[in-house]
Amino acid sequence: AQKVTQAQTEISVVEKEDVTLDCVYETRDTTYYLFWYKQPPSGELVFLIRRNSFDEQNEISGRYSWNFQKSTSSFNFTITASQVVDSAVYFCALTPPSNEKLTFGTGTRLTIIP
Amino acid sequence: GAVVSQHPSWVICKSGTSVKIECRSLDFQATTMFWYRQFPKQSLMLMATSNEGSKATYEQGVEKDKFLINHASLTLSTLTVTSAHPEDSSFYICSAKDSLLQPQHFGDGTRLSIL
């Protein structure tokens, strides 16, 4: 069985601060995909990143960066210099090698205070 | 690219009504589509997986006769909530993918309110 845990239910930070969203996962598969999605108040899910379990390189995309540590089964997401537009619920998710069923974490509601 | 359109965005209807939600992949052929349900302030729960031209595979606890899924073409899947009741009120969101190598891309979701 697969499980994704996002222990932080809600986080509030002041604009321009850095913030890290934690994600810990459990799976028996030796290969898998990890994802982060953003869900703004309007409700749509925005794909942010997909990471193959073989690729442990950290990734940076603008103000976003991801730290994948297979040894601790974690895939954390950092937003640097946060902005009000970053306010949303962020979901971490996991799929097996077939890349079919997404198992979502419970999400972290991020509020950026102007 | 990889745009998924979901319609309608909002539905308010009376108890006992059947409601159809459409999910379309606009710029790719979706061999597989997924339907999720999300209650307020909760995570997304997969309801069913549908492959074009075959019957949907439902997750445990999801009533097949209640939530009818049709994936008649490579660009369209529909979810029909039959004889909807207030407890069916939720946010329904679909996703689509074109191959094993691609991530799922989500529609904008449908807010269903049953009075």
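Before going into details, it helps to say that this report is about the structure given with it. (Residues numbered from 1 in each chain as written. Chains lettered and ligands numbered in written order. Predicted model: local features only at pLDDT ≥ 70, side-chain atom pairs only at ≥ 80, totals over all residues. Heavy atoms only, no water.)

Re the sheet that holds strand E8 (residues 76-81) of chain B
Residues and elements named next belong to chain B.
Item 1. Taken in spatial order, the four strands line up as E1-E3-E8-E7 in an open sheet, and their pairing is antiparallel. Each end of this open sheet is capped by a strand with a single partner; those strands are strand E1 (4-7) and strand E7 (67-73). Within this sheet the neighbouring strands show an average axis-to-axis angle of 15°, counted without direction.
Item 2. Looking at chain direction, E1 and strand E3 (residues 19-25) are connected through four bridges and run antiparallel. Opposite Val4, over in E3, you have Ser25 as the bridge partner. (Pairing = 2+ DSSP bridges. Helix = DSSP H or I, 4+ residues; strand = E, 2+ residues; numbered from the N terminus. Axes fitted to C-alpha atoms, helices over the stretch in contact; angles between N-to-C directions.)

So, the nonpolar core
Residues and elements named next belong to chain B.
Item 1. If you look at the biggest cluster of nonpolar residues, it comprises 25 residues, and the most contacted ones within it are Trp35, Tyr58, Phe67, Ile69, Leu79, Tyr92 and Leu112.
Item 2. Mapped by element, the contributors of at least two residues to this core are strand E2 (10-13), E3, strand E4 (32-38), strand E5 (44-51), E7, E8, strand E9 (90-97) and strand E11 (110-114).
Item 3. Those residues in contact with Ile69 that sit more than four places away from it in its chain are Trp35, Ala48, Ser50, Ala56, Tyr58, Ser77, Thr78 and Leu79. (Core = buried A, V, L, I, M, F, W, Y, C linked by side-chain atoms within 4.5 Å. Buried < 20%, exposed > 50% of the residue type's maximum accessible area, 1.4 Å probe, protein only. Contact = heavy atoms within 4.5 Å.)

Some thoughts on the interface of chain A and chain B
Item 1. Taken together, the contact pairs 20 residues of chain A with 24 residues of chain B.
Item 2. Across the chain A to chain B interface the summed buried area is about 1700 Å²; carbon plus sulfur atoms make up 52%.
Item 3. In this structure, the salt-bridge partner of A:Lys101 is B:Glu59, at a minimum N-O distance of 3.1 Å.
Item 4. Viewed at the interface, chain B and chain A are joined by four residue pairs in polar contact (both at pLDDT 80 or more).
Item 5. When residues of the side of chain A that touches chain B are traced back to their parent elements, those giving at least two are strand E5 (33-39) and strand E6 (46-52) of chain A.
Item 6. Per-element tally for the side of chain A that touches chain B: the top contributor is E5(A), with three residues.
Item 7. Its residues assigned to classes, the side of chain A that touches chain B shows eight nonpolar, seven polar and five charged. (Buried area = accessible area lost by both parts, 1.4 Å probe. Salt bridge = Lys/Arg side-chain N within 4 Å of Asp/Glu carboxyl O. Polar contact = N/O pair within 3.5 Å; in protein donor to acceptor, adjacent residues only side chain to side chain. Nonpolar A, V, L, I, M, F, W, Y, C, P; charged D, E, K, R; others polar.)

Let's talk about the pattern of salt bridges
Item 1. Counted under the stated rule, the structure contains six salt bridges over all chains.
Item 2. For A:Arg63, the salt bridge identified is with A:Asp86, shortest N-O distance 2.8 Å. Placement of A:Arg63 in the loop between strand E7 (59-61) and strand E8 (64-69) and of A:Asp86 in the loop between strand E9 (74-79) and strand E10 (88-95) is noted, with a sequence separation of 23 residues between them.
Item 3. Residue classification places A:Arg63 among the partly exposed positions, given a relative accessible area of 24%.
Item 4. Among the ionic pairs, B:Asp88 bridges to B:Lys66, the shortest N-O distance being 2.8 Å. Linking B:Asp88 in the loop between E8 and E9 with B:Lys66 in the loop between strand E6 (57-58) and E7, this pair joins segments that are 22 residues apart in sequence.
Item 5. With relative accessibility at 12%, the residue B:Lys66 sits in the buried group.
Item 6. The structure contains a network of salt bridges with shared partners spanning A:Arg51, A:Asp55 and A:Glu59.

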